[in-house]
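# Geometric and topological summary
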Amino acid sequence: MMNLLVHAGLVLSVSLQAVLCSQFDLESYVKLPRIYEYDDFETCRLRYTSFVYCVSVSTLTPNATSELWNNMTRDWSDRRNFPHDQLERGLCLNDYHIEAKHPDDASFNVANYLSKQIYDRYGLSSRTTVSTCWTRQSFSRQRTVAENMFICMALVLLTMILFTTWMDFSTGSKTLFVKAFSLRKTVGDLTKPANCNAMPFLEGLRVLGTMTILIVHSQLPMIRMPIKNTEYLEAQVNHVIFPLFNSGNTHMIQFFFTLGGMVFGLSCFNHFERTPTFDVMYFAEKLIRRLVRLIPAYFFIIFYQATWYKRVKQGPLEHKFYDYCSENWWTNVLFVNNYVLPTKPCLQFGWYLGADFHLFLVGSLLLMLVWKYPRLQQTLVSGMVAAAVFIPGYVIYVQSIGATMSFDMRHALAELRTYDHFIKYYLPSHTNISGYFFGIIAAMCYKRVIAVGSQDRIVTVLRRGLRLSLIVLISLNLFTIALPTIRIDKNFSIFHAIYGSLLKASWGFSYGVLFLFLALKSKSQIVDLLVHPVMQFFAKISYCIYLVQYSIIYGVYTNFPIPLVYGSFNLIFLTSSIFLLTIISAILLHVAVEAPIAHIANAYITMKFRQEKQNDVALQNRSKQS
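Only a predicted model underlies this, so the values are computations on that prediction, with no experimental measurement involved.

So, about the packing of helix 7 (residues 145–170) against helix 14 (residues 281–306). Helix 14 packs onto helix 7 with a crossing angle of 140° between their chain directions and a minimal axis gap of 9 Å. Here helix 7 lies oblique to helix 14, going by the angle between them. Along this stretch, helix 7 crosses helix 14, giving a crossing that reads as left-handed. Counted together, Ala146, Met149, Phe150, Met153 and Leu157 of helix 7 and Phe300, Phe303 and Tyr304 of helix 14 form the full contact between these two elements. Broken down by class, the residue content of the contact of helix 7 with helix 14 amounts to eight nonpolar, no polar and no charged.

If you check helix 17 (residues 351–372), its first and last C-alpha atoms are 32 Å apart, about what 22 residues at 1.5 Å a residue would give, namely 32 Å. Buried residues dominate helix 17, accounting for 17 of its 22 residues.

This paragraph deals with empty space enclosed by the protein. Taken as a whole and assessed by the stated rule, the structure comprises four cavities of 30 Å³ or more. By volume, the largest cavity is sized at about 60 Å³. Split into classes, the residues belonging to the lining of the largest cavity amount to six nonpolar, two polar and no charged.

Turning our eyes to something else, we now look at the side chain of Asp39. Counting through the fold element by element, Asp39 comes out in the loop between strand 1 (36–38) and helix 4 (41–47). In this structure Asp39 is buried but unpaired, with Arg47 as the nearest side chain of opposite charge at 8.7 Å. Excluding residues within four positions of it along the chain, Asp39 makes contact with Tyr53, Gly90, Leu91, Cys92, Tyr96 and Ile562.

The final tally for this structure, using the stated rule, is 51 aromatic pairs. Aromatic side chains Phe41 and Phe139 sit 6.1 Å apart centroid to centroid with 40° between the ring planes, which places their arrangement in the tilted category. Placement of the pair is Phe41 in helix 4 and Phe139 in the loop between strand 4 (126–134) and helix 7, with a sequence separation of 98 residues. Residue Phe139 is classed as partly exposed on the basis of its relative accessible area, which comes to 21%. The residue whose ring lies beneath Lys504 is Tyr425, and the NZ or CZ to ring-centre distance is 4.1 Å.

The next thing to look at is unusual backbone geometry. Outside of glycine, negative phi angles account for most residues, and trans bonds account for most peptide bonds. That bond from Ile562 to Pro563 is cis: its omega, -5°, falls within 30 degrees of zero. Phi angles above zero are rare outside glycine, and His97 is one such case at about 55°. By the secondary structure assignment, His97 is in the loop between strand 3 (86–92) and helix 6 (103–122). Even without being a glycine, Phe335 presents a positive backbone phi close to 60°.

Here we come to the state of the cysteines. If you walk through the whole model with that rule in mind, you get three disulfides. For Cys54, the disulfide goes to Cys133, at an S-S distance of 2.0 Å. For the disulfide bridge between Cys54 and Cys133, the dihedral angle about the S-S bond is near 110°, and by the sign convention the bridge is right-handed. One end of the pair, Cys54, is in strand 2 (residues 53–60); the other, Cys133, is in strand 4, and 79 residues separate them in sequence.

Our next topic: the pairing of strand 2. Each regular strand carries side chains that alternate between the two faces of the sheet. Judged by how many residues are buried, strand 2 sits mostly within the fold: seven of eight residues are covered. Across eight bridges, the pairing between strand 2 and strand 4 is antiparallel. Its bridge partner being in strand 4, Tyr53 is matched across the sheet by Trp134.

Applying the stated criterion across every chain, the model contains 19 salt bridges. One salt bridge connects Arg224 with Glu415, and the closest N-O pair in it is separated by 3.3 Å. Taken together, the residues Arg224 in the loop between helix 10 (200–219) and helix 11 (230–237) and Glu415 in the loop between helix 19 (409–413) and helix 20 (420–426) connect sequence positions 191 residues apart.

Quick look at the nonpolar core now. Core analysis: the largest hydrophobic core is formed by 153 residues, its most contacted members being Leu202, Met225 and Leu367. Ranked by the residues each element gives to this core, the list is headed by helix 23 (residues 495–520), at 13 residues.

Attention now moves to the sheet that holds strand 1. Sheet architecture is open: four strands sit in the order 1-3-2-4, paired in mixed fashion. The two strands at the open ends of the sheet, each matched to only one other strand, are strand 1 and strand 4. Adjacent strand axes in the sheet meet at a mean angle of 15°, parallel and antiparallel pairs treated alike. Relative to strand 3, strand 1 runs parallel, the two sharing three bridges. When the bridges of strand 3 are listed, Glu37 appears paired with Arg89.

Parameters and conventions
Residues numbered from 1 in each chain as written. Predicted model: local features only at pLDDT ≥ 70, side-chain atom pairs only at ≥ 80, totals over all residues. Heavy atoms only, no water. Axes fitted to C-alpha atoms, helices over the stretch in contact; angles between N-to-C directions. Helix = DSSP H or I, 4+ residues; strand = E, 2+ residues; numbered from the N terminus. Parallel < 35°, antiparallel > 145°, perpendicular 65-115°, else oblique. Left-handed = near helix turned anticlockwise from the far one by under 90°. Contact = heavy atoms within 4.5 Å. Nonpolar A, V, L, I, M, F, W, Y, C, P; charged D, E, K, R; others polar. Expected span 1.5 Å × (residues − 1). Buried < 20%, exposed > 50% of the residue type's maximum accessible area, 1.4 Å probe, protein only. 1 Å grid on protein atoms, 1.4 Å probe; cavity = no way out; pocket = protein on both sides within 12 Å on 5 of 7 lines; lining within 4 Å. Points joined across faces, edges and corners; volume = space filled by probe spheres on them. Lys, Arg positive; Asp, Glu negative; His and termini not counted. Salt bridge = Lys/Arg side-chain N within 4 Å of Asp/Glu carboxyl O. Phe/Tyr/Trp six-rings, centres within 6.5 Å; stacked < 30°, edge-to-face > 60°. Lys NZ or Arg CZ within 6 Å of the ring centre and 35° of its normal. Disulfide = S-S within 2.5 Å. Pairing = 2+ DSSP bridges. Core = buried A, V, L, I, M, F, W, Y, C linked by side-chain atoms within 4.5 Å.

Right, here's the structure in full:
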């Protein structure tokens, strides 16, 4: 729910651009060199048979005697603004009669042309670096072996789906392979009620969170796009209330960690009730089933990113949306990408799967202790709360970083890959432990309340507790508005550590209280909405929505005509297009990869573990008889 409030604020921020920009000194801004100037790439490509299009960055040389330079220096001293000494240009060399028979000639001639142009316009010297150039040959390269392998794999999947669907309808075959890949089974399952150990409304909450993340992620790349009116974007990020929105966006991920902890905890505690005898193989089976659900679709998208995606994003924006799946795919497959090579990521958003997997392992160890030694539960809860509060603060203090991520345009332009706070605090699993732990604790509280039968009394307490937690949460986040003006030396103060830890913990705690309140409330229109069949449908494809969003978002942005105008219309158009394409792609990925492979693998796992249990029972009976 808080995710939706945060996003509503972001949407409101977009709609109030004119108001925000009225507070910005646009008159002085217009006198500054335009940060982006791009010729139309497609026009250049169609007009000239032997076209050459180059993208370059010109770095202005400091000149203290220049009034323009001094104005620029004052402007970019605030790191929320664009670096105005970096001028990005996209040139159709044919229009300017710049000869480029060889790539080195192109770089040299473009650098000379732009240096002269910039000096004539602004009286400032510059150094130009050509990022890359495109010619007709750039679009006619041969397919690689890996690309052909991806095409073959996609064709094999399509053939299996068509064949099994035909077998299902024509012969009524009920073999495991046919049932798994037939569209009658996979599509039919999407419309059936959810069958899960956890409460169905939690899956509805997952859908709301996933959709919110998709919408927010769909708008974030606009920061790195060549836009004509950069002043409008700077006006928004300089607005006094922007740090509050930035904090909401930063801590939105705690929603998923808390939800994951509660779902996992409920599943385990339900099993403990049915089977009081400790069995470590239960967790081994959960781990295997989890990997079976995560890896196939994940691997398919990684393979796509490493191969065919490179053809989708060919053009002048290619260098802005580069990932490292060709080189660093193994960090994702091993779920270590949030620790290993985080500055060169394959699938930027994939860090969450690594963190969530690590927290799942930690949660498994803790719940093993709860199952085997029930009396330790209260002690473990105390330990989890202490760890949730202490670990994030300790990392902030030791790493000498800020209490929370502040907006820095330079880091945003580099997809946060140069931002210490993002690498050392946002991505690691151990700094996100608070949300997951509060989710497990919420599951423990739920089972205890149900066992005692005191729902009505606890709901009243929880309602008050929810209000109090929201007051604390809002107060802590409102303080982010004043945080940029407070000059505290991070190397010698524990202020950032205490505040940052409490800020992150407040999100996980508030989500935990909210989930627990909804779980115990007997009647609620919100819960009825969350368990609606439409919500359950989207819940089943939510993992695939998460996986495909990166490819869709960057594929759309790299093929969008530039330069563009930053405004509500383009944001709504891009977001709507990405939303629709992502849903369609997620359904295809689910029915072609996730659902059929999980169906076959889970059937095999169930058979193997059932057989092992039967063998164990037989051995126990024999030992008793002997």
